[in-house]
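Coordinate inspection notes
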Amino acid sequence: MQLVRGSSEPLFCWDCRRARWRDNGAAMSARTTTEPFFDPATGTVSYVVSDNATRNAAIIDPVLDFEFRSGRTQTQSADRIIAHVHDGGLSVQWILETHAHADHLSSARYIQGRLGGRIAIGENIRHVQAVFKKLYNLERTFLPDGSQFDHLFKDGERFQLGQTEVTALLVPGHTPADMAYVLDDAVFVGDTLFMPDVGSARADFPGGDAATLYRSMRRILDLPPATRLFVCHDYPPTGREPQWETTVAEQRARNIHVHDGVTEAQFVAMRTARDATLEVPTLILPSIQVNVRAGQLPPPDDNGVSYLRIPLNALG
Ligand SMILES: [Fe+2]
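Within every chain, residues take consecutive numbers counted from 1 along the sequence as written. With the structure being a predicted model, the display of local features is reserved for residues of pLDDT at least 70 and the display and counting of side-chain atom pairs for 80 or more, all residues being used for whole-chain, interface and lining totals. Side-chain measures here rest on the full set of heavy atoms in the structure, leaving out hydrogens and waters.

For the rest of this paragraph, the subject is the coordination of the iron ion. The expected angle between donors at a tetrahedral four-coordinate metal is 109.5 degrees. At an octahedral six-coordinate metal it is 90 or 180 degrees. Ligation of the iron ion by protein atoms is provided by H99 (NE2), H174 (NE2) and D191 (OD), these donors lying 2.0 to 2.4 Å from the ion. Counted as coordinating are nitrogen, oxygen and sulfur atoms within 2.8 Å of the metal, or 3.2 Å for Na, K and Ca, while water is not included, which may make sites look incomplete. The sequence pattern formed by the donor residues of the iron ion is H-x74-H-x16-D. Residue H99 is found in the loop between β8 (91–96) and β9 (105–106), and its partner D191 is found in the loop between β15 (186–190) and α4 (210–221); the two are separated by 92 residues along the sequence. Just as H99 is buried, D191 falls in that class too. Segments assigned H or I by DSSP are reported as helices when at least four residues long, segments assigned E as strands when at least two residues long, and all are numbered from the N terminus. We call a residue buried when its accessible area falls under 20% of the maximum for its residue type, exposed when it is over 50%, and partly exposed in between, using a 1.4 Å probe and counting protein chains only.

Following this line, the structure appears as structure tokens:
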């Protein structure tokens, strides 16, 4: 099994696969523990993943609560994560974004101020920043060079979480900058795949592309069948509770959009037709202008207040 082009080492030691067990929603292996945090307001699942040997942790896609009507940000979701980190005696090494989300604001900067850790995202965030700097007509000092983040991952880049090796995989299509993070026997797939009965994310945002998304999905689905997949969102059908963990085997058998046998052309036709019916996400305009700043709110005006920008007649 080889995941990273040009690499001679396997990503996983499948001979070392361990028994897993669950406790209060956490998913554990002998090497790592994954704690999910579901935000019902946006359907987002954030994760705290920790290396059991060292208690080093990565926080993935943390949410900053935001009420559009009042313009009020809140930190209850982030504070739950912070409390979990404190309670577990964890040390935050990384705050990982899978992409510049269009449905929620990131609390990466708020969490970093309290727990430390390096905020990181894929290097293609520069393209996203350039597009949205133009759309929002952001201040001249905002540079679309990724410097707002502490680290930008290249495709296939490996890094450490304690004693656990993590690989960043470029999985564009939903946006041009989407990354998935592979560690232990799990992948945090961002919006590249949803639960099998939900299917896939839209591919009609700026820089998105359905054919590219299909290839990124297949890249993940080429992993060993038992690989655990953790999704960034769940929008459960009526009657089902939110879920966030699945496997490659389940996705290949049952994903309504990309189960085995669905061709790229079929997926592109389905995705394109479906995207044409979708409304612009409620929080896209507030979210992206904060998320391209790595969760930093816009610089305050001379009265000390930060303002969001809403371009008129520019989207939709
Ligand atoms: Fe997304």
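Here we take up the pattern of salt bridges. Just to be clear on terms, a salt bridge is a Lys or Arg side-chain nitrogen sitting within 4 Å of an Asp or Glu carboxyl oxygen. Under the criterion given, the structure shown has 15 salt bridges. The partner of R158 in a salt bridge is E165, and the shortest N-O contact between them spans 3.2 Å. Given a relative accessible area of 25%, R158 falls into the partly exposed group. With a relative accessible area of 32%, E165 lands in the partly exposed category. Notably, a salt bridge pairs R240 with D197, separated by 2.6 Å at the nearest N-O pair.

This brings us to the side chain of D185. Within the fold, D185 resides in the loop between β14 (179–183) and β15. Using a relative accessible area of 1% as the deciding quantity, one classes D185 as buried.

Its location among the elements puts H104 in the loop between β8 and β9. A relative accessible area of 1% means that H104 is categorised as buried. Think of a polar contact as two N or O atoms within 3.5 Å of one another; within protein, one of them needs to be a possible hydrogen donor and the other a possible acceptor, and neighboring residues in sequence only count if both atoms come from side chains. Within the structure, the side chain of H104 is placed 2.8 Å from the side chain of D103, a separation counted as a polar contact. What makes two residues a contact is simply this: any of their non-hydrogen atoms within 4.5 Å. Once you skip the residues sitting within four places of it in the chain, H104 turns out to touch T42, T44, D61, P62, V63, H233, S287 and N291.

In this analysis, the expected span of each helix is defined as 1.5 Å times one less than the number of residues it contains. Here helix α3 (residues 125–136) is 12 residues long and its end C-alpha atoms lie 16 Å apart, about the 16 Å a rise of 1.5 Å per residue gives. Listing the buried residues of α3 in full gives I125, V128, Q129, F132, K133 and Y136. Mapping the buried residues of α3 onto a view down its axis gives an arc of 130 degrees, with all of them on the same face. Where α3 is buried, its residues contact β10 (118–122), β11 (151–153) and α7 (284–291). What the arc measures is the spread of directions leading from the helix axis to the C-beta atoms.

Judged by side-chain polarity, F68, I310 and L312 come together as a nonpolar surface patch covering roughly 320 Å² of accessible area. The residue I310 is located in the segment after α7 in this model. A residue counts toward a patch only above 30% relative accessible area and without a salt bridge, and it is joined to like-charged neighbours within 9 Å or, for Val, Leu, Ile, Met, Phe, Trp and Tyr, to nonpolar neighbours within 5 Å. In these tables, accessible area is a Shrake-Rupley quantity obtained with a 1.4 Å probe, and a residue counts as shielded only by the protein chains included in the view.

Time to look at the sheet that holds β9. By definition, the strands of a sheet pair up through backbone hydrogen bonds, in either a parallel or an antiparallel sense. A strand pair is defined by DSSP finding two or more bridges across the two strands. Spatial strand order, β7-β6-β9: three strands in an open sheet with antiparallel pairing. Sheet topology places β7 (72–74) and β9 at the edges, where each strand pairs with a single neighbour. When strand β6 (residues 63–67) meets β7, the two strands line up antiparallel, connected through three bridges. Within β7, the position partnered with D65 by the bridge is Q74.

Once that is clear, we can look at the packing of aromatic side chains. Aromatic pairs are defined between Phe, Tyr and Trp rings, using the six-membered ring for Trp, whenever the two ring centres lie within 6.5 Å; interplanar angles under 30 degrees are classed as stacked, those over 60 as edge-to-face, and all others as tilted. In total, this model carries 13 aromatic pairs according to the counting rule given. Pairing F132 with Y136 gives two aromatic rings, centres 6.0 Å apart and planes at 35 degrees, and the pair type is tilted. In this pair, F132 and Y136 both sit in helix α3, four residues apart, roughly one turn of the helix. Assessed through its relative accessible area of 2%, Y136 is described here as buried. Here F153 and F159 contribute two aromatic rings whose centre-to-centre distance is 4.5 Å and whose plane-to-plane angle is 20 degrees, an arrangement assigned as stacked. Judged by relative accessible area, which is 1%, F153 ranks as buried. Put simply, the rings of W94, F153, F159 and Y181 touch in pairs and so form one group of aromatic residues.

To continue, consider the environment of A108. If you trace the backbone, A108 turns up in helix α2 (residues 108–115). A sequence separation of 59 residues divides A108 from T167, and the C-alpha atoms of the two residues are 20 Å apart. Once you skip the residues sitting within four places of it in the chain, A108 turns out to touch P62, I95, E97, I119 and A294.

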